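# Close look at the chain arrangement
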Number of protein chains: 2
Amino acid sequence: MTTSLAEENYLKIIYRLCEGTKEDISTNSIAELTNNKAASVTDMLQKLAEKGWVTYQKYQGVRLTKIGQNIALSIIRKHRLWEVFLVEKLGYNWDEVHEIAEQLEHIESETLINKLDSFLDFPKIDPHGDPIPSQEGEIPELGYLHLSEVKLNETCTLMGVAKDSAVFLQLLTKLNLSLGARLEVVEINTFDRSVSLKIAEQEPIFISHEVAKNILVKV
Amino acid sequence: MTTSLAEENYLKIIYRLCEGTKEDISTNSIAELTNNKAASVTDMLQKLAEKGWVTYQKYQGVRLTKIGQNIALSIIRKHRLWEVFLVEKLGYNWDEVHEIAEQLEHIESETLINKLDSFLDFPKIDPHGDPIPSQEGEIPELGYLHLSEVKLNETCTLMGVAKDSAVFLQLLTKLNLSLGARLEVVEINTFDRSVSLKIAEQEPIFISHEVAKNILVKV
DNA sequence: ATTAATTTTTAGCCTAGACTAAAAATTAAT
DNA sequence: ATTAATTTTTAGTCTAGGCTAAAAATTAAT
Ligand SMILES: [Mn+2]
Ligand SMILES: [Mn+2]
Ligand SMILES: [Mn+2]
Ligand SMILES: [Mn+2]
């Protein structure tokens, strides 16, 4: 069966929302991420249920079926491979690629994405540290911690980000925080949970709890 | 102003039809190439005229304005650069890339296409010998002949094709006809205008007038 | 247990871009 | 110059995917 651009975007967002929780997903939460109104979301959920890509009972929320998950994963695979291409081959910065990948992820061609994968030497993660699903829809659970969970005086490695908004990524770049950086938590402010970090030999830097929450690390 | 996918496809097709002739373009000819009905074309022509991309008077046909031409050329530029990418970098054959490029040509990003251009080392022609318009919308007139126009016993070089349908390109490949091949016209059959060609040291091959018409050569 | 607030769904409307059938204009043939 | 054939346009309809406003269901607060 064939998927429209709108359907693909819904499936992707429902996937993201399902990832976090075992609960069914609410209409409103989808409306927020798609920038649509709840009424429009209800409409689409009925269509997606009709096609067998979600299980949906009115007023009770929605979940992806196995098929729905696979469609979502194939779009995420395309998104992340294109992001690698844009950074590794075309020389974009990590904060510049998301919007373009949002378009490229909808290009329909099985051979294309596999040739691209091979051209990029089968990368395992994208420029933001996110894992790239395999052709079979397998995606490794990397089990990273949020930097906000790391204890005082512990040292960790920056493995990814939980958000790919350009302003956030630009902030990290300005702070010299990039994938692979070694970070030591030298101070945790109990008042606002802001964090002070030492990177290599540099002067410590301060980041808010909001920023720390969106940085993924391995201890 | 922003262009929809449908509008871009219309502009591209009107461009192709204008190229040949100084006459205004008929509604029916557009309908044929877009695979739409004439009534739908009329609808769209009114919208395109409204936006200033074509000049259109009912019953009198249509032409691109300068702005319309530039939009069309930017799409053609993207199409051809992506085709080069698919062949040169991903290893596709020349008969496999058109459909994918039809999708990729609608990706919207000024920086993307220029970075791609640079990554590909600023190619001047695509895998079918078609010239790639510059960023400013300049496209060299290459002045090639159709192989069907070449005189008996003349030798010429295969520079391009006038059609990028997969079956046609596969036929050429099977006949060992690729860009750059040296061709000697050793026989022209007056009955059906079919042609016999000698390529290098091979045995002569026979091609129909229909095929010869769609091969572009330099004498 | 009611009532109030919130969330979700339904009903009805809109636009883009297709379609068919009928009308109008143009072109070709007597 | 009429008439016939062809082309093009108009009028009206449809679907996808949005929207608002109102109704219904669920959840929270008395
Ligand atoms: Mn992204
Ligand atoms: Mn990413
Ligand atoms: Mn092509
Ligand atoms: Mn081409």
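Here the structure is shown first, and the text comes after it.
Residues numbered from 1 in each chain as written. Chains lettered and ligands numbered in written order. Predicted model: local features only at pLDDT ≥ 70, side-chain atom pairs only at ≥ 80, totals over all residues. Heavy atoms only, no water.

## Focus: the sheet that holds strand β3 (residues 145-146) of chain B
All names here are of chain B. What counts here: Two strands pair under a simple rule: DSSP has to find at least two bridges between them. Runs of E in the DSSP output that reach at least two residues are strands. Runs of H or I that reach at least four are helices, and both are numbered from the N terminus.
Across the sheet, six strands lie side by side as β3-β8-β4-β5-β6-β7; this open sheet has antiparallel pairing. The outermost strands of the open sheet, each flanked by one partner alone, are β3 and β7 (205-207). With four bridges connecting them, strand β4 (residues 155-161) and strand β8 (residues 215-218) associate as antiparallel partners. Counterpart to Gly160 in the pairing with β8 is Leu216.

## Things to note about helix α3 (residues 38-50) of chain A
Residue and element names in this part refer to chain A. Using the following cut-off: For a helix, the expected span equals 1.5 Å multiplied by the number of residues minus one. Burial classification: accessible surface area is computed with a 1.4 Å probe over protein chains only, and a residue below 20% of its type maximum counts as buried, one above 50% as exposed, and the rest as partly exposed. Summarising the geometry, the arc corresponds to the directions from the helix axis toward the C-beta atoms. Pairs of residues are marked as contacts when any of their non-hydrogen atoms sit within 4.5 Å.
The end-to-end C-alpha distance of α3 is 18 Å, a good match for the 18 Å that 13 residues give at a rise of 1.5 Å each. All of the buried residues along α3 are Val41, Met44, Leu45 and Leu48. Considered in projection along α3, the buried side chains sweep an arc of 110 degrees and stay on one side of the axis. When the buried face of α3 is taken as reference, the exposed residues oriented beyond 90 degrees from it are Ala39 and Glu50. Each element contacted by the buried residues of α3 is listed here: α1 (5-20), α2 (27-34), β1 (54-56) and β2 (62-64).

## Quick look at the pairing of β8 of chain B
The pairing of β3 of chain B with β8 of chain B spans two bridges and is antiparallel. Bridge assignment links His146 of chain B to a residue of β8 of chain B, and that residue is Leu216 of chain B.

## Describing the interface of chain B and chain A
Counted only if it meets this: By convention, the term buried area covers the 1.4 Å-probe accessible surface removed from two parts as they join, with the contributions of both added. By definition, a salt bridge exists where a carboxyl oxygen of Asp or Glu is found within 4 Å of a side-chain nitrogen of Lys or Arg. Distance and chemistry together define a polar contact, namely a pair of N or O atoms within 3.5 Å, with one atom able to donate a hydrogen and the other to accept it when in protein, and with adjacent residues in sequence counting only for side-chain atoms on both sides.
If you look at the interface, chain B gives 19 residues, while chain A gives 19 residues. In total, chain B and chain A occlude about 1,600 Å² of area from one another, counting both sides; carbon and sulfur atoms represent 71% of this. Sorting the residues of chain B by area buried against chain A places Leu90, Gln103 and Lys115 of chain B first, and these three jointly supply 31% of that buried surface. Where chain B packs against chain A, one counts zero salt bridges. Run the count over chain B and chain A and you get six residue pairs in polar contact (both at pLDDT 80 or more).

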